[in-house]
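The lines below spell out each chain.
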Amino acid sequence: MKLKRIFIQNQLPKELEPLNRLSHNIWWSWNFDAQELFNSIDPDRFVKLNYNPVALMETLDPIRMQELAKDKAFLKKLKSVEKQFDAYLAEPMKKGPKLAYFSMEYGLHISLKLYSGGLGVLAGDYLKEASDSNVNLFGVGLLYRYGYFNQGLSMNGDQIHHYPAQKFTQLPVEPVRNADGNWLKVSVPIQGRIVRAKVWKLPIGRINLYLLDTDHEDNSQEDRALTHMLYGGDNEHRLKQEILLGIGGVRAIEAMGLEPEVYHLNEGHAAFLSIERLKNHVGDGMSFNEAVEAVRASSLYTTHTPVPAGHDHFPEHMLREYLYHYAGELGIDWYDFVALGRLNPDDSGEDFNMSKLSIRLSQRVNGVSKLHGEVSREMFTSLYPGYTAEEVHIGYVTNSVHYPTWIANEIHDLYSTQFGKDWVRDQSNKDIWRKIHNIDDKKLFDVRHKLKVRLLDYVREKLEADMRRRGESPRVTFDILSKINNDALVLGFARRFATYKRATLLFQNEERLRELVNQEGRPVIFLFAGKAHPADQGGQDLIRHIIHISKKPEFAGKVIFLEDYNMEMAKLLTQGVDIWLNTPTRPLEASGTSGMKAALNGSVNFSVLDGWWAEGYRPDAGWALPLERTYEDQHLQNELDAETIYRIMEEEIVPTYFDRDKNGISKTWMSYVKQIIAEVAPTFTMKRMMDDYYERFYFPLGKSQKAASKSNWKPAKEFAAWKQDVLTTWGGIEVVESKTHDTVNHALPLGEPFVAEITLDTNGIDPRKLLLEACFYERLGEDEIKLRRKEVFELKKSKGSRATWSISLDPRLAGVYEYGFRLRPNHPMMPHAQDLNLVFWA
Ligand SMILES: *Cc1c(COP(=O)(O)O)cnc(C)c1O
């Protein structure tokens, strides 16, 4: 048989055509009226189809279609939504550099299987805000056939992995076409083969996400599988996917003529994009070193993982198989190529690390919370000899969530009665949110209770279906369902089941937990959900453990695990619970975002003071486990943390929640709810995060890109030449004379100035492009010093290669210090001290 494929599109009546347009832009997913519109077409099928309006329209029954085409009320709603959409699209774009954002995953909606967890949801939320904020940005990623798995469970709680295929015709994506009207495909070299990737466009409001797809006839079976699964396969598979994303992504951008000015690497997965950009500059006639400056001047790398092992790395021999030809194309030898991803280039056993590569080729780097910024500076200090962690240039922008995606409509309506017109545009303004205090406690309580009932109804329905499918006995199921109490205090814990997140911490002392959840008149429910990576046995054990507990009679209806965590469930959970719980091993939570979704909706948080909660926590708006570790031993620490959780639950949270007045509400509880809304929520909105990225990184990078690229990149070339010069002469710098106190034999009396005069032979380096600093350290331990003070010397005189610097300072603080005089390069184009990573101790 010889069969060909044809795609026959459902023909909508003219009146309904706008539905086609609306369903093909994911904007509908964060506009409540648009959601309602699609829902009203066929509520049951809409839910069954994972709220996918494209699938809904494609499979719509012709009779229902004719009905709708004559339904005046429906058509009126349709018109109004279309009008909103057009008005939204018509707004002019904000000024700023043109940005390309690269990510391996995007969590946009449950019907688009392009994400696994927090990293993806963050990227998806970010693109939605980029659209709302009208900024000049587009995204690049991969279009997966199967994406990340759907989770099933066996009766024992074993995780089962389902990979249903996505039908691309039922996704809001469209082919990108080239000038001839043909589907745009880019070629990516993989092991000497040419893999062809189709380019798709996924409109997100006003902006676009471009997705690469290798699953088509041009490619071999093996290469087709490149875009099958997200985080599936072995390390080599990951390498190929990252080559596709980085190199293929840049080629797609070029083919579309998009010309971004700044590249944002969301995680190291995307770092090969910089290699391809280097190649392009070298192809345009730059030297390798010049190309490095051009790429650095326009790149930002955001790191998300505080665990060194969490950063992708590949053995040199594997990398060689795939990228050897790049060294030649960049005009460097293989040794120098591998050095881009190594801490120590001479260590032939060291893997090529994607974070090192990202840092090496990005001028700016950031972590995703204040604390994670600190942790990242610590982690990468070894890259910058001569500097202590606090001096390392890595900054931070704390993650956030997209308000329209995560807010419950009922809560939004309530806020809007007080917060004023159009307030969402100014959503990071605390003064607006403080108006929550004008809202009556009872009103707020009732809306929140309604959301809780909605959640628990969902839990009952889902549990019943899931347990039936697992073959659980009807008696056990009935027992559990009958014990779910709508008036309970409900806590939620849902996230990836990575072991560091300690999902089972609560079960450290079962007896204590049993008492806690079974108090007369004070019911408590713990809801759990989350997927463990298919290769993570430890994570899967945790799920099994929770399922086991949840079946014990004393925990029936009190400890519940919901299978197949996804964005829709995340909405219901974060909107409906009273408390959002997070208990990671510190300091391994880079940020965490689900607690922010809860905060927006007035769900109080109870978490370790790690990641975002270290910034968000206030004693009047939630509860916390301290950041400091008491024990080195993790088991002891777990025990202590569990004890603290029980105690805070028993003594504070439960009594406060159930301390009801005659209206049936707890005043104190409602004050917590209002404080988390007023004082915490606005800080963790995407608008704030977007503004921070612009202020701290995009505007400065846009400027440095502009400055470096003038007159065909002349400044970048000169800067590269200067750096080369300094690199080769640095080793020849010598101290000619050093005059300072005899600090070995004499103490310096307090009040007397500390003076020093240093004369150096700079070996030909212009002394004005050098900076000499006096650094004073306090010794904390054998290998640990802390920088207490840093002062800059004044350049007194210079003649040829000889230069003299001097300093005189008031010591201010008594005590024992260790000090040194540190010389470093200093050029106006250096964005920070470590941009040329050289230090000479005078
Ligand atoms: C928000 C979200 C996450 C992120 O949760 P963390 O608190 O950052 O661990 C993960 N998965 C889904 C489906 C989400 O919606």
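Residues numbered from 1 in each chain as written. Predicted model: local features only at pLDDT ≥ 70, side-chain atom pairs only at ≥ 80, totals over all residues. Heavy atoms only, no water.

## Description of the UniProt feature "domain: DUF3417" (unreviewed entry) in the protein
Point 1. Under the local residue numbering, the UniProt record ascribes the feature "domain: DUF3417" (unreviewed entry) to residues 12–112.
Point 2. Each end of residues 12–112 is marked by a C-alpha atom, and these two atoms are 23 Å apart; helix forms 56% of the span and strand 4%. (UniProt positions renumbered as here; feature names shortened; annotations may be inferred. Helix = DSSP H or I, 4+ residues; strand = E, 2+ residues; numbered from the N terminus.)

## Side note on the sheet that holds strand 28 (residues 818–825)
Point 1. Read across the sheet, 4 strands follow the order 25-24-28-29 without closing on themselves; strand pairing throughout is antiparallel. Unpaired on one side and paired on the other, strand 25 (784–792) and strand 29 (840–841) mark the two borders of the sheet.
Point 2. The pairing of strand 24 (residues 770–781) with strand 28 spans 8 bridges and is antiparallel. If you follow leucine 770 over to strand 28, its bridge partner there is proline 825. (Pairing = 2+ DSSP bridges.)

## Some words on unusual backbone geometry
Most peptide bonds adopt trans geometry, and most residues besides glycine take a negative phi value.
Point 1. With an omega of -5°, the peptide bond between arginine 586 and proline 587 qualifies as cis.
Point 2. Examined against the element boundaries, proline 587 turns out to sit in the loop between strand 19 (579–582) and helix 24 (594–600).
Point 3. With a phi angle near 55°, tyrosine 51 is a residue other than glycine that sits in the positive phi range.
Point 4. Examined against the element boundaries, tyrosine 51 turns out to sit in the loop between helix 3 (43–48) and helix 4 (53–58).
Point 5. The exposure class of tyrosine 51 is partly exposed, given its relative accessible area of 27%.
Point 6. Its identity as a non-glycine residue notwithstanding, glutamate 267 has a phi of 80°, on the positive side.
Point 7. Relative to the helices and strands, glutamate 267 resides in the loop between strand 9 (262–266) and helix 10 (272–283). (Buried < 20%, exposed > 50% of the residue type's maximum accessible area, 1.4 Å probe, protein only.)

## Notes on the sheet that holds strand 23 (residues 754–761)
Point 1. Read from one edge to the other, the open sheet built from 4 strands follows the order 22-23-27-26, with strand pairing classed as antiparallel. Strand pairing shows two members of the sheet lacking a second neighbour, strand 22 (734–740) and strand 26 (794–799), which therefore form its edges. Averaged over all pairs of adjacent strands, the angle between strand axes in this sheet comes to 15°, irrespective of strand direction.
Point 2. With 8 bridges joining them, strand 23 and strand 27 (residues 802–809) adopt antiparallel strand pairing. Following the sheet pairing, aspartate 761 is matched in strand 27 by arginine 802. (Axes fitted to C-alpha atoms, helices over the stretch in contact; angles between N-to-C directions.)

## As for helix 22 (residues 537–550)
Point 1. Under the 1.5 Å per step criterion, the end-to-end length of helix 22 is 20 Å for 14 residues, consistent within 8% with the ideal 20 Å.
Point 2. Buried residues of helix 22: Gly539, Gln540, Leu542, Ile543, Ile546, Ile547, Ile549 and Ser550, and no others.
Point 3. Capping of helix 22 at its N-terminal end is provided by aspartate 536; its side-chain oxygen lies 3.2 Å from the backbone amide nitrogen of glycine 538. (Expected span 1.5 Å × (residues − 1). Polar contact = N/O pair within 3.5 Å; in protein donor to acceptor, adjacent residues only side chain to side chain.)

## Let's talk about the side chain of aspartate 564
Point 1. Its location among the elements puts aspartate 564 in the loop between strand 18 (559–562) and helix 23 (567–576).
Point 2. In this structure aspartate 564 touches Asn150, Gln151, Lys531 and Met569, once residues within four positions along its chain are discounted. (Contact = heavy atoms within 4.5 Å.)

## Some remarks on the domain arrangement of the protein
Point 1. We note that the domain assignment places domain 1 (14–90), domain 2 (99–145 + 203–210 + 234–399 + 694–708), domain 3 (406–684) and domain 4 (725–841) within the protein.
Point 2. Computed from C-alpha coordinates alone, the two centres of domain 1 and domain 4 are separated by 67 Å. (Domains from an automatic or database assignment.)

## Examining the side chain of threonine 583
Point 1. In this structure, threonine 583 sits in the loop between strand 19 and helix 24.
Point 2. Threonine 583 gets classed as buried once you look at its relative accessible area, which sits at 3%.
Point 3. Dropping the residues within four chain positions of it, threonine 583 is found in contact with Phe493, Tyr500, Lys501, Arg502, Leu505, Val608, Leu625 and Ile645.

## So, a negative patch on the surface
Point 1. The grouping of Glu374, Glu378, Glu782, Asp783 and Glu784 at the surface amounts to a negative patch.
Point 2. Glutamate 378 sits in the exposed class, given a relative accessible area of 55%. (Patch = residues over 30% accessible without salt bridge, like charges linked within 9 Å, V, L, I, M, F, W, Y side chains within 5 Å. Areas by Shrake-Rupley, 256 points an atom, 1.4 Å probe, with all protein chains shown as cover. Salt bridge = Lys/Arg side-chain N within 4 Å of Asp/Glu carboxyl O. Lys, Arg positive; Asp, Glu negative; His and termini not counted. Charge placed at Lys NZ, Arg CZ, Asp CG, Glu CD.)

## Overview of the pairing of strand 4 (residues 159–162)
For a regular strand, the rule is simple: side chains alternate between the two faces of the sheet.
Point 1. Note: strand 3 (residues 150–153) against strand 4, 4 bridges, orientation antiparallel. Along strand 4, the bridge assignment pairs glutamine 151 with histidine 161.

## Quick notes on the UniProt feature "modified residue: N6-(pyridoxal phosphate)lysine" (unreviewed entry) in the protein
Point 1. Those residues carrying the UniProt feature "modified residue: N6-(pyridoxal phosphate)lysine" (unreviewed entry) are Lys597 in this numbering.
Point 2. With respect to the secondary-structure elements, lysine 597 resides in helix 24.
Point 3. By relative accessible area, which is 5% here, lysine 597 ends up buried.
Point 4. Setting aside residues no more than four positions away along its own chain, lysine 597 makes contact with Val121, Val401, Trp406, Ala570 and Thr574.

## Some remarks on the site of the ligand
Point 1. The local shell around the ligand holds 14 residues, among which Lys501, Ala570, Thr593, Ser594 and Lys597 are the closest.
Point 2. With respect to the ligand, the side chain of serine 594 contributes an N or O atom lying 2.4 Å from an oxygen atom.
Point 3. Here the ligand, which alone exposes 390 Å², has 95% of that area covered by the protein.
Point 4. Secondary structure elements with two or more residues in the shell around the ligand: helix 7 (118–132), helix 23 and helix 24.
Point 5. Taken together, the residues of the shell around the ligand break down into 5 nonpolar, 6 polar and 3 charged.
Point 6. Residue-level mapping places the shell around the ligand at the junction of two domains, with at least three residues from each of domain 2 (99–145 + 203–210 + 234–399 + 694–708) and domain 3 (406–684). (Near = heavy atom within 4 Å. Nonpolar A, V, L, I, M, F, W, Y, C, P; charged D, E, K, R; others polar.)

## Focus on the packing of aromatic side chains
Point 1. Tallied over the full model, the rule gives 49 aromatic pairs.
Point 2. Ring plane angle 35° and centroid distance 6.3 Å describe the contact between phenylalanine 102 and tyrosine 263, whose orientation is recorded as tilted. One end of the pair, phenylalanine 102, is in strand 1 (residues 99–102); the other, tyrosine 263, is in strand 9, and 161 residues separate them in sequence.
Point 3. The buried category is assigned to tyrosine 263, whose relative accessible area is 7%.
Point 4. Relative to tryptophan 423, the ring of phenylalanine 419 has its centre 4.9 Å away and its plane inclined at 85°; by these criteria the two rings are edge-to-face. Across this residue pair, the class does not change: phenylalanine 419 and tryptophan 423 are buried. (Phe/Tyr/Trp six-rings, centres within 6.5 Å; stacked < 30°, edge-to-face > 60°.)

## Some points on helix 7
Point 1. For helix 7, with 15 residues, the first-to-last C-alpha span of 21 Å sits near the 21 Å given by 1.5 Å per residue.
Point 2. Extensive coverage of helix 7 is indicated by the burial of 13 of its 15 residues.
Point 3. Asparagine 134 sits one or two positions beyond helix 7 and adopts a positive phi of about 65°.

## Observations concerning the nonpolar core
Point 1. Counting residues in hydrophobic clusters, the biggest one holds 138 residues, and the most contacted among them are Leu19, Phe102, Leu202, Phe272 and Phe337.
Point 2. Top contributing element to this core by residue count: helix 28 (residues 686–729), with 11 residues.
Point 3. In terms of domain composition, this core takes at least three residues from each of domain 1 (14–90) and domain 2 (99–145 + 203–210 + 234–399 + 694–708).
Point 4. The contacts of leucine 202, once residues within four sequence positions are left out, are Ile26, Leu108, Leu112, Leu114, Pro172, Val173, Ile207, Asn208, Leu209 and Leu211.
Point 5. Listed in part, the 105 residues of the second largest apolar core include Ile525, Ile546, Phe561 and Phe684. (Core = buried A, V, L, I, M, F, W, Y, C linked by side-chain atoms within 4.5 Å.)

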